[in-house]
Amino acid sequence: MKNLLKDLRRHDHKRYLGGLDLLRYIGPGLLVTVGFIDPGNWASNFAAGSEFGYALLWVVTLSTVMLIILQHNVAHLGIVTGLCLSEAANRYAPRWVARPVLATAVAASVSTSLAEILGGAIALQMLFGFELVCGAVLVTVFVLVMLFTNSYKRIERAIIGFVSIIGLSFIYELFLVDIEWPQALRGWVVPSLPQGSLLVVMSVLGAVVMPHNLFLHSEVVQSREYHKRDDATIRRRLKYEFADTLFSMLVGWAINSAMILLAATTFHREGIPVEELQQAQSLLQPLLGGNAAVIFALALLLAGISSTITSGMAAGSIFAGMFDEPYNIRDTHSQVGVVLSLGLALLLIVFIGDPFRGLLVSQMVLSLQLPFTVFLQVWLTSSPRVMGKYANRRSTTVVLCLLAGLVTVLNLWLLASLIV
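Bear in mind that the values here come from a model prediction, so they are computed numbers and not experimental data. (Residues numbered from 1 in each chain as written. Predicted model: local features only at pLDDT ≥ 70, side-chain atom pairs only at ≥ 80, totals over all residues. Heavy atoms only, no water.)

A. Representation of the side chain of T308. Note that T308 resides in helix 14 (residues 290-321). A polar atom in the side chain of T308 sits 2.6 Å from the backbone oxygen of G304. Not counting residues within four places of it along the chain, the set of residues in contact with T308 comprises E116, I117, V139, V143 and L342. (Helix = DSSP H or I, 4+ residues; strand = E, 2+ residues; numbered from the N terminus. Polar contact = N/O pair within 3.5 Å; in protein donor to acceptor, adjacent residues only side chain to side chain. Contact = heavy atoms within 4.5 Å.)

Right, here's the structure in full:
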């Protein structure tokens, strides 16, 4: 009996330690989630909910599944090889392939930073009445200070805090509205295409997988047990990485769903289509009260700041990888990548006369670059030369290629619709 009790206690202790191990691995995926709830997604989600109610919630579910698969795959690259996507491309891909893809990825990171900084500037305009350019300068300076003076662990904790506050903000706002849960549950799992919804569907799907997030995830996932390269450690990291990715993407799914639910139960019910974030905030005040409008703007500000931080980190990782170096904010190449991305984005914001047009152009650049990054990733993770025994199985490669093709078609379709 005593031996049995000892065995049970030992088993419970191991299970408890396993839970603590899982908590230690949570973090890198949440940095990627920030890109899934950036200001561009806010605009798409509020358009979806205000125009079509609960009908397009399934798009968030589908896009989350797509994101889990692709981000999980690129995280494997970082864990197995100890290289980020940029370093792996520089080391294993032909130079005539790697250089153009990485150069365009840097350009795409500038476009990403432009959209994220604009989102933060719009939030500051909502909260304090700042001019967009002034708000953009403040957001950029704050992010640069965060990146250049804080360690990765501190930034990770800050991002987790930001994501938590954003989530709590939407929970608060959902308590203020009356959600028709049977219709919402149906919307999450039953695909439908209401008349005139195709562009919004493509906007939501097309904004999910972004080039900089693929580079970022392969880099930050190495922050866990980075100094250990034995097979047992790699297998453990692969197991916990999936839990981190799954948990983080589900958080993103919940927050994006909350945006659509909020728009559906306020604007759609009143027959008010939303085309700009400023419009959404100003309309929330008479519908839900001043507190809801302020919390909306505060959550947008945190989303803009946190997504700008991660886009800057991604740019530093891409640029450093071109010189076969990992991301390190104390290293010159990483610093140049960060400053290039945020500095050029700010410069473009200063000189563009129409911020909304700037957002559209930034999405076009991402749409054009994405296919090159996604197919490069699939090629690297499917190569035994790169991944050894951890290379993708043939069936996995087929699924990834089909998924990459679908994401590419959606983004190019969105690009064509924006041009027209």
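The discussion continues.
B. Structural view of unusual backbone geometry. At D324, a residue that is not glycine, the phi angle is positive and equals roughly 60°. Mapped onto the secondary structure, D324 falls in the loop between helix 14 and helix 15 (332-351). Its relative accessible area of 34% is what places D324 among the partly exposed residues. (Buried < 20%, exposed > 50% of the residue type's maximum accessible area, 1.4 Å probe, protein only.)

C. Highlighting helix 12 (residues 231-270). The first and last C-alpha atoms of helix 12 sit 58 Å apart over 40 residues, in line with the 58 Å expected at 1.5 Å per residue. At A264, helix 12 shows its maximal bend, which comes to roughly 40°. One or two positions beyond helix 12, positive phi appears at G271, with a value near 70°. (Expected span 1.5 Å × (residues − 1). Bend = angle between axes of the 7 residues up to and from the residue.)

D. Representation of the packing of helix 5 (residues 85-92) against helix 11 (residues 211-220) in the model. One can describe the packing of helix 5 onto helix 11 by two numbers: an axis separation of 7 Å at closest approach and a directional angle of 95°. Of the possible angle classes, the one that applies to helix 5 and helix 11 is roughly perpendicular. On helix 11, the residues touching L85, S86 and E87 of helix 5 are L214, F215, S218 and E219. Of the residues in the contact of helix 5 with helix 11, the class split is three nonpolar, two polar and two charged. (Axes fitted to C-alpha atoms, helices over the stretch in contact; angles between N-to-C directions. Parallel < 35°, antiparallel > 145°, perpendicular 65-115°, else oblique. Nonpolar A, V, L, I, M, F, W, Y, C, P; charged D, E, K, R; others polar.)

E. Main features of the environment of F247. Mapping F247 onto the fold places it in helix 12. Owing to a relative accessible area of 41%, F247 belongs among the partly exposed residues under this scheme. Considered as a pair, F247 and I26 are 221 residues apart in the sequence and their alpha carbons are 8.2 Å apart. Ignoring any residue separated from it by four or fewer positions in sequence, one finds F247 in contact with I26 and L30.

F. Spotlight on the confidence of the model for the protein chain. Averaged over every residue, the pLDDT of the protein chain is 85; residues scoring 70 or more account for 89%. Across residues 1-17 the pLDDT falls below 50, and counting only partners more than four positions away or on other chains, this stretch makes zero contacts in the model. (pLDDT = per-residue confidence, 0-100.)

G. Spotlight on the packing of aromatic side chains. One pass over the full model with this rule turns up nine aromatic pairs. Taking 6.3 Å as the distance between ring centres and 55° as the angle between the ring planes, the aromatic pair formed by F46 and F267 counts as tilted. Of this pair, F46 sits in helix 3 (residues 39-52) while F267 sits in helix 12, placing them 221 residues apart in sequence. The residue whose ring lies beneath K239 is Y240, and the NZ or CZ to ring-centre distance is 4.8 Å. (Phe/Tyr/Trp six-rings, centres within 6.5 Å; stacked < 30°, edge-to-face > 60°. Lys NZ or Arg CZ within 6 Å of the ring centre and 35° of its normal.)

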